[in-house]
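# Chains, contacts and geometry: an overview
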Amino acid sequence: MRAGSEGTFLAVDVGATNLRVALFRGNELQAKSVVRTPTTGGPYAVARKILREAERLGADRVDAVGVATIGPLDIKKGMVIDTPNNPLRTFYLREPLEKEFKAKVVVANDCVAAVWGEKVLGRGRDVEDLAYVTISSGIGGGFIVDGNLIVGWRGNAHEVGHLVVDYKAEIRCGCGGLGHWEALASGAGIPRMAYIKAKTWRGVPTEAYKLASQMKLDAPGLYRLARNGDYFARELVRELNKIHAAGIASIASAFDPKIVFLGGSIFLNNTDLMLDEIKGFLGEYTLLEPPRIEVATFREDAPLMGALALVLKTPEVIKKPW
Ligand SMILES: [Zn+2]
């Protein structure tokens, strides 16, 4: 690594389910822990847990801390505000961590961090225009345009899960809107999409169809049955892949990325059923030649490596004095 990357750094990924904390010397991983993200204990519970894990990893003194977190954020305050993904709703990150470590703390949304990780440490190193999209229990993205990380005034310029991919869909998203990509094709949305598909299904009543009509076809079940050749499951996976292609095409029209890196547990666990088919549908929805679609360099550690990248090379847009 170049100068500036020497030192001891703590990287943190605050996920909806898991909290990952890792200690690095330069960009060399020293120790890592994965625990459940606290859901009770007030607005300092997450910061307290990070400190406890850091201590367990032997991080008594660190030069900087990078945090990638679920959103939405108030990036000026370095805190999460009113998130639907954790019952704590609002919690502090930068202020308590700065106080405790007496070191620089850089906080960004997890997908924003992940795309920065691709640029600084991953296969996006030599690319000036790139995107990272997570397909998980939710859907989100991070973007670099002309080499610049896109952040937005409060740090939320990446809520692409709420792009409308079907204006006629009467499925309401967790956010309240209709036809959103996340409502239709995320892990959380799959049981409902499957149920709706089952209502109009005229094909053979397969195992997936039976589960779907009781609203019991979840994401792991869907992809497992599709892999086993269940016709209903295979058809639904194909439809979901079309939705992902439509979402990615909308992103391509807005940001013009050369490469779109895909991550998130649904995608990483089912790359065999998703990657090629999404690529195949993409041309149907894009204006120009579709962007390259690749698996995220650091897979499930994409936000964690992004958090490290935030401190190894802090983006100008996050350096600005608030
Ligand atoms: Zn929405």
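Quick notes on the rules
Each chain carries its own residue numbering, running from 1 in the written order of its sequence. With pLDDT at 70 or above as the cut-off, local features in this predicted model cover only qualifying residues; side-chain atom pairs require 80 or more to be listed or tallied, and sums for whole chains, interfaces and linings still use all residues. Helix and strand definitions follow DSSP, with helices as H or I runs of at least four residues and strands as E runs of at least two, each counted in order from the N terminus. Radius of gyration here uses only the C-alpha atoms, and the compact-globule reference equals 2.2 Å multiplied by the residue count raised to the power 0.38. The exposure scheme places C-beta atoms from the backbone and then counts, for each residue, the other C-beta atoms within 10 Å of its own, assigning buried at 20 or more, exposed at 12 or fewer, and partly exposed in between. By the criterion used throughout, residues are in contact when their C-beta atoms, derived from the backbone, lie within 7 Å. By this definition, two strands are paired if DSSP reports at least two bridges between them. By this rule, a helix spans an expected 1.5 Å times one less than how many residues it contains. Think of the arc as the fan of directions from the helix axis to the C-beta atoms. Where helices are involved, their axes are fitted lines through C-alpha atoms of the stretch in contact, as for all axes, and angles between N-to-C directions lie from 0 to 180°. Throughout this description, any angle smaller than 35 degrees is read as roughly parallel, any larger than 145 degrees as roughly antiparallel, any in the 65 to 115 degree range as roughly perpendicular, and the remainder as oblique. Should the near helix be turned anticlockwise from the far one by less than a right angle, the crossing is left-handed, and should it be turned clockwise, the crossing is right-handed. Residues were grouped as follows: Ala, Val, Leu, Ile, Met, Phe, Trp, Tyr, Cys and Pro as nonpolar; Asp, Glu, Lys and Arg as charged; and all remaining residues, including Gly, as polar. Domain ranges listed in this record stem from an automatic or a database domain assignment.

## What about the overall build of the chain?
Assigned secondary structure in the chain consists of twelve helices and 13 strands. For 322 residues, the compact-globule estimate of 2.2 N^0.38 gives 20 Å, and the C-alpha radius of gyration of the chain, at 20 Å, lies within 12% of that figure. Counting only C-alpha atoms, the chain reaches 65 × 45 × 35 Å along its principal axes. Of all 322 residues assigned to the chain, the portion counted as buried reaches 48%. Sequence-distant contacts in the chain: of pairs separated by 6 or more residues, those separated by 24 or more amount to 64%.

## A word on the pairing of strand 8 (residues 104-109)
Of all six residues in strand 8, five are buried; the element is thus mostly enclosed. Alignment of strand 4 (residues 64-69) against strand 8, held across six bridges, turns out to be parallel. When the bridges of strand 8 are listed, Thr-69 appears paired with Asn-109.

## Remarks on helix 1 (residues 45-56)
Across its twelve residues, helix 1 extends 17 Å between first and last C-alpha, which sits within 8% of the 16 Å expected from 1.5 Å per residue. Residues of helix 1 that are buried include every one of Val-46, Ala-47, Ile-50, Glu-53 and Ala-54, and no others. Down the axis of helix 1, the buried side of the element spans an arc of 125 degrees, and every buried residue falls inside it. Along its buried surface, helix 1 packs onto strand 1 (8-14), strand 2 (18-25), strand 3 (28-36), strand 7 (91-92) and helix 2 (94-101). Phi turns positive one or two residues past the end of helix 1, at Gly-58, with a value near 85 degrees.

## Concerning the packing of helix 7 (residues 219-227) against helix 8 (residues 231-255)
Between helix 7 and helix 8, whose axes approach to 8 Å, the crossing angle comes to 115 degrees. The angle between helix 7 and helix 8 places the two elements in the roughly perpendicular class. Of the two possible hands of crossing, helix 7 and helix 8 adopt the one that is left-handed. For the pair helix 7 and helix 8, contact is made by Leu-222, Tyr-223, Leu-225 and Ala-226 and by Ala-233, Arg-234, Leu-236 and Val-237, respectively. Class assignment for the residues of the contact of helix 7 with helix 8 results in seven nonpolar, no polar and one charged.

## Regarding the sheet that holds strand 10 (residues 139-145)
Across the sheet, five strands lie side by side as 11-10-9-12-13; this open sheet has mixed pairing. Of all the strands in the sheet, the pair left with one neighbour each is strand 11 (148-149) and strand 13 (292-295). Where strand 10 and strand 11 come together, two bridges link them in antiparallel fashion. The residue bridging Val-145 from the neighbouring strand is Asn-148, located in strand 11.

## What to know about the domain arrangement of the chain
Here the chain is described as being made up of domain 1 (8-118 + 301-319) and domain 2 (162-293). Taking only C-alpha atoms into account, the centre of domain 1 sits 30 Å from that of domain 2.

## Remarks on the packing of helix 3 (residues 110-120) against helix 11 (residues 302-312)
Viewed as axis vectors pointing N to C, helix 3 and helix 11 meet at an angle of 70 degrees, and their least axial separation amounts to 7 Å. Relative to helix 11, the element helix 3 is oriented roughly perpendicular. Remark: the crossing between helix 3 and helix 11 carries left-handed chirality. Contacts from Asp-110, Ala-113, Ala-114, Trp-116, Gly-117 and Val-120 of helix 3 reach helix 11 at Ala-302, Pro-303, Met-305, Gly-306, Ala-307, Ala-309, Leu-310 and Leu-312. The residue inventory of the contact of helix 3 with helix 11, partitioned by class, reads eleven nonpolar, two polar and one charged.

## Brief notes about the environment of Val-14
Position of Val-14 relative to the elements: it lies in strand 1. Classification of Val-14 by C-beta neighbours within 10 Å gives buried; the count is 28. Taking the C-alpha atoms as reference points, Val-14 and Ala-47, separated by 33 residues in sequence, lie 9.8 Å from one another.

## A look at the sheet that holds strand 4
In spatial order, the strands read 3-2-1-4-8; together these five strands make up an open sheet with mixed pairing. Only two strands of the sheet have a single partner each, and these edge strands are strand 3 and strand 8. Strand-to-strand twist in this sheet, taken as the mean axis angle between neighbours without regard to direction, amounts to 15 degrees. Packed on one face of the sheet, helix 11 meets strand 1, strand 2, strand 4 and strand 8 and runs near 140 degrees to strand 4.

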